[in-house]
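Structure at a glance
Each chain, letter by letter, is given below.
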Amino acid sequence: MLEAVSALAMPMAVCCVGALFLSGRKIYFESFLSGARSGLQTAVGLLPTLIALMVAVSMLNASGATVMLAEILSPIATVIGIPPELLPLLLTRPFSGSASTAAYSTLLQTVGADSLAGLCASVIFASS
């Protein structure tokens, strides 16, 4: 029963919205187009910033700067109690999802998923 309801949820939502558009009491379609146009303008305005951020993070990873910074911060992290293997993930996570995914994957392959660093990395990676 639950599978049937969940399978029909999206088609029913689309049909309800279509019926609302066709009812014609208000100009719903024009409002939709206005909102879509505004959203597209916002996306175009953000695009240069996103491209610059992606290029900068890619350059940092390709140059090895994140690994070098992780090696520099490793003694401090050890004193605090942070596994040094987590540092590349901690440095890339706030800036790039794809770079942090690569760092997370590399970390799990190196130390394993059941290690302290692997468990901490899983919590960090799952956080937003």
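Refer to the structure presented above.
Now for a description of the structure that goes with this document.

The rules behind the values
- Residues numbered from 1 in each chain as written.
- Predicted model: local features only at pLDDT ≥ 70, side-chain atom pairs only at ≥ 80, totals over all residues.
- Heavy atoms only, no water.
- Core = buried A, V, L, I, M, F, W, Y, C linked by side-chain atoms within 4.5 Å.
- Buried < 20%, exposed > 50% of the residue type's maximum accessible area, 1.4 Å probe, protein only.
- Helix = DSSP H or I, 4+ residues; strand = E, 2+ residues; numbered from the N terminus.
- Contact = heavy atoms within 4.5 Å.
- Axes fitted to C-alpha atoms, helices over the stretch in contact; angles between N-to-C directions.
- Nonpolar A, V, L, I, M, F, W, Y, C, P; charged D, E, K, R; others polar.
- 1 Å grid on protein atoms, 1.4 Å probe; cavity = no way out; pocket = protein on both sides within 12 Å on 5 of 7 lines; lining within 4 Å.
- Points joined across faces, edges and corners; volume = space filled by probe spheres on them.
- Disulfide = S-S within 2.5 Å.
- Phe/Tyr/Trp six-rings, centres within 6.5 Å; stacked < 30°, edge-to-face > 60°.
- Lys NZ or Arg CZ within 6 Å of the ring centre and 35° of its normal.
- Expected span 1.5 Å × (residues − 1).
- Bend = angle between axes of the 7 residues up to and from the residue.

1. Focus: the nonpolar core
When a protein is soluble and globular, its nonpolar side chains tend to lie buried together. Counting 6 residues, the largest nonpolar core consists of L86, L89, A103, Y104, L107 and A121. At 3 residues, the largest contribution of residues to this core is made by helix α5 (residues 97-111). For A121, the contacting residues outside a window of four places in its chain are L86, L89, Y104 and L107.

2. Some details on the packing of helix α1 (residues 2-23) against helix α2 (residues 28-63)
If you want to describe how two helices pack, look at the angle between their axes and the distance between the axes. Direction vectors running N to C along α1 and α2 enclose 115 degrees, while the axes themselves pass 7 Å from each other. In this structure, α1 uses L20, F21 and S23 to contact α2, whose residues at the interface are Y28, F29 and F32. The residue inventory of the contact of α1 with α2, partitioned by class, reads 5 nonpolar, 1 polar and no charged.

3. Quick look at the layout of surface pockets
Gaps left between atoms are located by rolling a probe of water-molecule size over the structure's atoms. Within this model, the largest pocket holds a volume of roughly 160 Å³. Lining the largest pocket, in full, are L53, A56, V57, L60, N61, A65, T66, L69, L91, T92, F95 and S96. Those elements that provide at least two residues to the lining of the largest pocket are α2, α3 (65-80) and α4 (87-92). Element by element, the count of residues in the lining of the largest pocket is highest for α2, at 5 residues.

4. Thoughts on the state of the cysteines
Using the criterion set out here, one finds 0 disulfides in the structure. Of all cysteine sulfurs in the structure, the one in C16 sits closest to C15, which takes part in no disulfide; the separation is 7.0 Å. A relative accessible area of 52% means that C15 is categorised as exposed. A relative accessible area of 48% means that C16 is categorised as partly exposed.

5. Some remarks on the packing of aromatic side chains
The tally for this structure, following the rule as stated, stands at 1 aromatic pair. Ring geometry for Y104 and F125: centres 4.4 Å apart, planes at 0 degrees, overall stacked. Placement of the pair is Y104 in helix α5 and F125 in helix α6 (residues 116-126), with a sequence separation of 21 residues. Taking the relative accessible area as the measure of exposure, Y104 reaches 17% and is therefore buried. Above the plane of the ring of F125 lies R93, whose end atom (NZ or CZ) is 4.9 Å from the centre.

6. Some points on α1
Given a rise of 1.5 Å per residue, 22 residues ought to cover 32 Å, and the 30 Å separating the end C-alpha atoms of α1 matches this to within 8%. Along its length, α1 shows its largest kink, about 35 degrees, at A9, and proline P11 lies within four residues downstream of that point. Note on α1: the residue one or two positions beyond its end, G24, has a positive phi of about 75 degrees.

7. Description of α2
Under the 1.5 Å per step criterion, the end-to-end length of α2 is 51 Å for 36 residues, consistent within 8% with the ideal 52 Å. Its axis deflected by about 35 degrees at L47, α2 carries its strongest bend there, up to four residues before the proline P48. Of the residues trailing α2, G64 is marked for its positive phi of about 85 degrees.

8. A word on the environment of L50
Here L50 shows up in helix α2. Along the chain, L50 and M1 lie 49 residues apart, while their C-alpha atoms are 44 Å from each other.

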